[in-house]
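Summary of structural features
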Amino acid sequence: MTRPKSLQVHVSFELAERVRIAAERRDISMSEWIRSLLQQACDEDDLKVGLSAWMQRMHRQALFTVVGIDALLSGHSDPDLRDRARGAYARRCAEFGLVQTPIEGGFDEA
């Protein structure tokens, strides 16, 4: 078994007292309490990084889908199909209580 690495941190007397009290409430040492918080913070950070990458990937895929559908609707033989689809989208947004903004779907940019 490897020896644990000792970390040193400087805190105010007030914070040190709060840490001591919190550790006592859990019937563990201050070191154990701080170690558990550090582990939790690192785990949450790893999760956030993973979720961020996943969200970016989903956003890119959704954007590609929107652009592709818009292109297909624009080139459709029925020239009114695109406008009807946008109208249906606006109605669905209203049904679900979603507010459209000019930079989101359903509006021309120009």
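In case you missed it, the structure is sitting above this.
Predicted model, so just to flag it, every value in this text is computed and none were measured.

1. A few points about the overall build of the protein
Looking only at helices and strands, the protein has three helices and zero strands in total. In the protein, the succession of α and β elements from N to C terminus is α-α-α. Across the 110 residues that make up the protein, the buried fraction comes to 5%. Partitioning the contacts of the protein with sequence separation of at least 6, the portion at a separation of at least 24 is 6%.

2. Concerning the packing of helix 1 (residues 13–25) against helix 2 (residues 30–74)
Relative orientation of the contacting elements helix 1 and helix 2 amounts to 95 degrees, with a least axis distance of 8 Å. Judged by the angle between their axes, helix 1 and helix 2 are roughly perpendicular. Where helix 1 approaches helix 2, its residues Ala16, Val19, Arg20, Ala22 and Ala23 are matched on the opposing element by Met30, Trp33 and Ile34. Across the contact of helix 1 with helix 2, the residue classes tally to seven nonpolar, no polar and one charged.

3. Overview of helix 3 (residues 81–95)
Over its 15 residues, helix 3 runs 21 Å from end to end, which matches the ideal 21 Å to within 8%, given 1.5 Å per residue. Looking one or two places after helix 3, you find glycine 97, whose phi comes out positive at around 75 degrees.

4. So, the pattern of salt bridges
The tally for this structure, following the rule as stated, stands at six salt bridges. Arginine 84 serves as the salt-bridge partner of aspartate 78, at 2.9 Å between the closest nitrogen and oxygen. Judged by its relative accessible area of 23%, aspartate 78 is partly exposed. In this structure arginine 84 comes out as partly exposed when scored by relative accessible area, which is 47%. Across the pair glutamate 95 and arginine 92 runs a salt bridge, and its minimum N-O distance is 3.9 Å. Of the two residues, glutamate 95 and arginine 92 both sit in helix 3, three residues apart, roughly one turn of that helix. Classification of arginine 92 as exposed rests on a relative accessible area of 52%.

5. With respect to unusual backbone geometry
Here aspartate 27, not a glycine, exhibits a phi torsion of approximately 60 degrees, which is positive. Secondary-structure assignment places aspartate 27 in the loop between helix 1 and helix 2.

Thresholds applied
Residues numbered from 1 in each chain as written. Predicted model: local features only at pLDDT ≥ 70, side-chain atom pairs only at ≥ 80, totals over all residues. Heavy atoms only, no water. Helix = DSSP H or I, 4+ residues; strand = E, 2+ residues; numbered from the N terminus. Buried < 20%, exposed > 50% of the residue type's maximum accessible area, 1.4 Å probe, protein only. Contact = heavy atoms within 4.5 Å. Axes fitted to C-alpha atoms, helices over the stretch in contact; angles between N-to-C directions. Parallel < 35°, antiparallel > 145°, perpendicular 65-115°, else oblique. Nonpolar A, V, L, I, M, F, W, Y, C, P; charged D, E, K, R; others polar. Expected span 1.5 Å × (residues − 1). Salt bridge = Lys/Arg side-chain N within 4 Å of Asp/Glu carboxyl O.

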